[in-house]
Amino acid sequence: MRILVDADGCPVVDSTIALATAHKTECLLLCDTSHVFERSGAKTLTFSKGADSVDFALVNLVQPGDLVVTQDYGLAAMCLARNAVVLNQDGMEYTSGNIDALLLQRHTAKKIRNAGGRLKGLSKRRREQDDAFRAKLEELLNR
């Protein structure tokens, strides 16, 4: 098992690397040229800036049993199709049981925005979200 992180805009990169290191698990950070990461304990893979370039690179790299960290529902769905375990930055595990509803929610929100509607943005990240992420990642690494 490896951990692949969709690192562009990901608030749990350092936590992920720390747990990967503690569990002696390879950690790959994938980012584009506008978000270059260099962290001890992880290998950084940088891809050209462009629509979904990192997402497609990650899908091409992921193998069955790998663990992927992303907030992108579309990427999560593609990784689930490749038999990966997929975790949200707030500690929610994407599964075949919840991904369809999440994709529908994303589609509905896009339709509202395209029609000129406005949706409430994300609230400020809380410590409880970081704690939930670390607890779930620890659980998945111990499986």
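Everything discussed here concerns the structure shown above.
All figures in this text were calculated on a predicted structure; none of them were measured in a lab. (Residues numbered from 1 in each chain as written. Predicted model: local features only at pLDDT ≥ 70, side-chain atom pairs only at ≥ 80, totals over all residues. Heavy atoms only, no water.)

## Remarks on the packing of helix 2 (residues 53-61) against helix 3 (residues 73-81)
- At a minimum axis separation of 9 Å, helix 2 and helix 3 run at an interaxial angle of 15 degrees. Considering their axes alone, helix 2 and helix 3 lie roughly parallel with respect to each other. Along this stretch, helix 2 crosses helix 3, giving a crossing that reads as right-handed. Contact with helix 2, carried on its side by Asp 55, Phe 56, Leu 58 and Val 59, involves Leu 75, Met 78 and Cys 79 of helix 3 and no other residues of that element.
- Looking at side-chain class alone, the contact of helix 2 with helix 3 contains six nonpolar, no polar and one charged residues. (Axes fitted to C-alpha atoms, helices over the stretch in contact; angles between N-to-C directions. Helix = DSSP H or I, 4+ residues; strand = E, 2+ residues; numbered from the N terminus. Parallel < 35°, antiparallel > 145°, perpendicular 65-115°, else oblique. Left-handed = near helix turned anticlockwise from the far one by under 90°. Contact = heavy atoms within 4.5 Å. Nonpolar A, V, L, I, M, F, W, Y, C, P; charged D, E, K, R; others polar.)

## Some details on the pattern of salt bridges
- According to the stated counting rule, one finds ten salt bridges in the structure shown.
- Of the charged contacts in the structure, one is a salt bridge between Asp 130 and Arg 125, with a shortest N-O distance of 2.7 Å.
- Classification of Arg 125 as partly exposed rests on a relative accessible area of 26%.
- Several salt bridges converge on common partners, so that one network encompasses Glu 93, Lys 136, Glu 139 and Arg 143. (Salt bridge = Lys/Arg side-chain N within 4 Å of Asp/Glu carboxyl O. Buried < 20%, exposed > 50% of the residue type's maximum accessible area, 1.4 Å probe, protein only.)

## Focus: the packing of aromatic side chains
- Applying the stated criterion across every chain yields a total of one aromatic pair.
- Here Tyr 73 and Tyr 94 contribute two aromatic rings whose centre-to-centre distance is 6.0 Å and whose plane-to-plane angle is 70 degrees, an arrangement assigned as edge-to-face. Within this pair, whereas Tyr 73 is found in helix 3, its partner Tyr 94 is found in strand 6 (residues 93-94), the two being separated by 21 residues in sequence.
- The class of Tyr 94 is buried, set by a relative accessible area of 1%. (Phe/Tyr/Trp six-rings, centres within 6.5 Å; stacked < 30°, edge-to-face > 60°.)

## Focus on the nonpolar core
- Within the largest apolar cluster, 21 residues are counted, with the highest numbers of intra-cluster contacts made by Ile 3, Val 5, Val 13, Cys 27, Leu 29, Val 69 and Leu 137.
- Elements with a minimum of two residues in this core: strand 1 (2-6), helix 1 (13-22), strand 2 (26-32), strand 4 (67-69) and helix 5 (127-142).
- Setting aside its immediate chain neighbours within four residues, Val 5 contacts Cys 10, Val 13, Thr 16, Cys 27, Leu 28, Leu 29, Leu 30, Leu 58 and Val 69.
- Within the second largest apolar cluster, 18 residues are counted, among which are Leu 28, Ala 84, Tyr 94 and Ile 99. (Core = buried A, V, L, I, M, F, W, Y, C linked by side-chain atoms within 4.5 Å.)

## Notes on helix 3
- What helix 3 keeps buried is the set Gly 74, Leu 75, Ala 76, Cys 79 and Leu 80.
- The first or second residue beyond helix 3 is Asn 83, which carries a positive phi of 65 degrees.

These results come straight from atomic positions and should not be treated as a statement about function.
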